[in-house]
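Results of the structural survey
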Amino acid sequence: SQQGEEDPQALSIQEGENATMNCSYKTSINNLQWYRQNSGRGLVHLILIRSNEREKHSGRLRVTLDTSKKSSSLLITASRAADTASYFCATTNDYKLSFGAGTTVTVRA
Amino acid sequence: DGGITQSPKYLFRKEGQNVTLSCEQNLNHDAMYWYRQDPGQGLRLIYYSQIVNDFQKGDIAEGYSVSREKKESFPLTVTSAQKNPTAFYLCASSKGTSGNTGELFFGEGSRLTVL
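Source: prediction; values computed, not measured.

Conventions used here
- Residues numbered from 1 in each chain as written.
- Chains lettered and ligands numbered in written order.
- Predicted model: local features only at pLDDT ≥ 70, side-chain atom pairs only at ≥ 80, totals over all residues.
- Heavy atoms only, no water.
- Pairing = 2+ DSSP bridges.
- Helix = DSSP H or I, 4+ residues; strand = E, 2+ residues; numbered from the N terminus.
- Axes fitted to C-alpha atoms, helices over the stretch in contact; angles between N-to-C directions.
- Contact = heavy atoms within 4.5 Å.
- Salt bridge = Lys/Arg side-chain N within 4 Å of Asp/Glu carboxyl O.
- Polar contact = N/O pair within 3.5 Å; in protein donor to acceptor, adjacent residues only side chain to side chain.
- Core = buried A, V, L, I, M, F, W, Y, C linked by side-chain atoms within 4.5 Å.
- Buried < 20%, exposed > 50% of the residue type's maximum accessible area, 1.4 Å probe, protein only.
- Disulfide = S-S within 2.5 Å.
- 1 Å grid on protein atoms, 1.4 Å probe; cavity = no way out; pocket = protein on both sides within 12 Å on 5 of 7 lines; lining within 4 Å.
- Points joined across faces, edges and corners; volume = space filled by probe spheres on them.
- Nonpolar A, V, L, I, M, F, W, Y, C, P; charged D, E, K, R; others polar.

1. Re the sheet that holds strand 8 (residues 71-76) of chain A
All names here are of chain A. Within the open sheet, the five strands sit side by side as 1-3-8-7-6. Their pairing is antiparallel. Two strands lie at the open edges of the sheet, namely strand 1 (5-7) and strand 6 (55-58), each paired on one side alone. In this sheet, neighbouring strand axes are inclined to one another by 20 degrees on average, regardless of whether the strands run parallel or antiparallel. Judged from the six bridges that link them, strand 3 (residues 19-24) and strand 8 form a sheet pairing that is antiparallel. Looking at strand 8, one finds that Thr 20 is bridged to Leu 75.

And the structure:
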């Protein structure tokens, strides 16, 4: 069953702009992860945030986690054409990872 | 370089045939997973294995089978009992086992088309 749901489903932005996408989930989690998938490729891990953390940064990525609202956000700053991809949140509950349907981001040059 | 290798990348199958998708990792990871992805959708877990000679059903195991005879290998067989097998199949591995699933490392996927 899919635990996380991303919003929006699709996002189109100009190069240099910021992109923000959200993830909501239903049950308690151990951690939450974000992945990127380029078209027709495998997923690549971006960042992991634990349930006792509220914010995490990695390069141009900023992830927040609000366990009281069961939600997370991923911010990509100063977007580039190479950021065009689908982004998935995944929640860990016990032994397995459950993925949402993803947000498709298109960065226009 | 360490990583996960899936083969074949593209596979065509006639209805009624079984096919086996290969997944090999040299990351020395204990846990391995098979996911299915349909167009515009997220990933759904088919099977996972936390240790050699042991595996569990995921959310959509019907019509699929797996084996884990070696730590490095986790092949997936799509049987003729799978009603709608056309999909993109992704294999992944992780260091973590039960209760501590960390980062997943993915292969490049296998696209199966049933003719």
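2. Side note on the interface of chain A and chain B
Contacts between the two partners involve 22 residues from chain A and, on the opposite side, 25 residues from chain B. Here chain A and chain B share one salt bridge between them. Linking Glu 108 of chain B and Arg 41 of chain A is a salt bridge whose minimum nitrogen-to-oxygen distance equals 2.3 Å. Inspection of the region where chain A meets chain B yields four residue pairs in polar contact (both at pLDDT 80 or more). Of all elements in the fold, only strand 4 (31-37), strand 5 (43-50), strand 9 (85-93) and strand 10 (96-99) of chain A reach the threshold of two or more residues within the side of chain A that touches chain B. It is strand 4 of chain A that provides the largest number of residues to the side of chain A that touches chain B, a total of four residues.

3. Some remarks on the side chain of Asp 38 of chain B
Residue and element names in this part refer to chain B. Within the fold, Asp 38 resides in the loop between strand 4 (31-37) and strand 5 (43-51). A distance of 3.0 Å separates a polar atom in the side chain of Asp 38 from a polar atom in the side chain of Arg 36. In this structure the side chain of Asp 38 is engaged in a polar contact, spanning 2.7 Å, whose partner is the side chain of Arg 44. When sequence neighbours within four positions are dropped, the list of residues in contact with Asp 38 reads Arg 44, Thr 86 and Ala 87.

4. A look at the nonpolar core
Judged by nonpolar contacts, the single largest core of 22 residues is most densely connected at Met 21, Leu 32, Trp 34, Leu 46, Leu 74, Ile 76 and Tyr 87 of chain A. Excluding its chain neighbours within four sequence positions, the residues that come into contact with Leu 74 of chain A are Ala 19, Thr 20, Met 21, Trp 34, Leu 46, Leu 61, Arg 62, Val 63 and Tyr 87 of chain A. With 20 residues, the next largest nonpolar core counts Tyr 47, Val 66, Tyr 89 and Leu 112 of chain B among its residues.

5. Here we look at the state of the cysteines
Under the definition given, this model contains two disulfides over all chains. Residue Cys 23 of chain A pairs covalently with Cys 89 of chain A via a disulfide, S to S 2.0 Å. Given an S-S torsion of about 65 degrees, the disulfide between Cys 23 of chain A and Cys 89 of chain A has right-handed geometry. Taken together, the positions of Cys 23 of chain A in strand 3 and Cys 89 of chain A in strand 9 put the pair 66 residues apart, joining distant regions of the chain. Residue Cys 23 of chain B pairs covalently with Cys 91 of chain B via a disulfide, S to S 1.9 Å. Taking the sign of the S-S torsion, about -75 degrees here, the bridge from Cys 23 of chain B to Cys 91 of chain B comes out left-handed. Here Cys 23 of chain B is found in strand 3 (residues 19-25), whereas its partner Cys 91 of chain B is found in strand 9 (residues 87-94), with 68 residues between them in sequence. Taken individually, Cys 23 of chain B and Cys 91 of chain B each receive the classification buried, so the pair is uniform in this respect.

6. Some details on the layout of surface pockets
The volume enclosed by the largest pocket comes to roughly 540 Å³. Taken together, 26 residues line the largest pocket, and the ones lying closest to its centre are Ser 86 of chain A together with Gln 37, Pro 39, Gly 40 and Gln 41 of chain B. Broken down by secondary-structure element, the contributors of at least two residues to the lining of the largest pocket are strand 1 and strand 9 of chain A together with strand 9 of chain B. Among the elements that make up the lining of the largest pocket, the one with the highest residue count is strand 9 of chain A (three residues). Tallied by class, the residues present in the lining of the largest pocket amount to six nonpolar, 15 polar and five charged.

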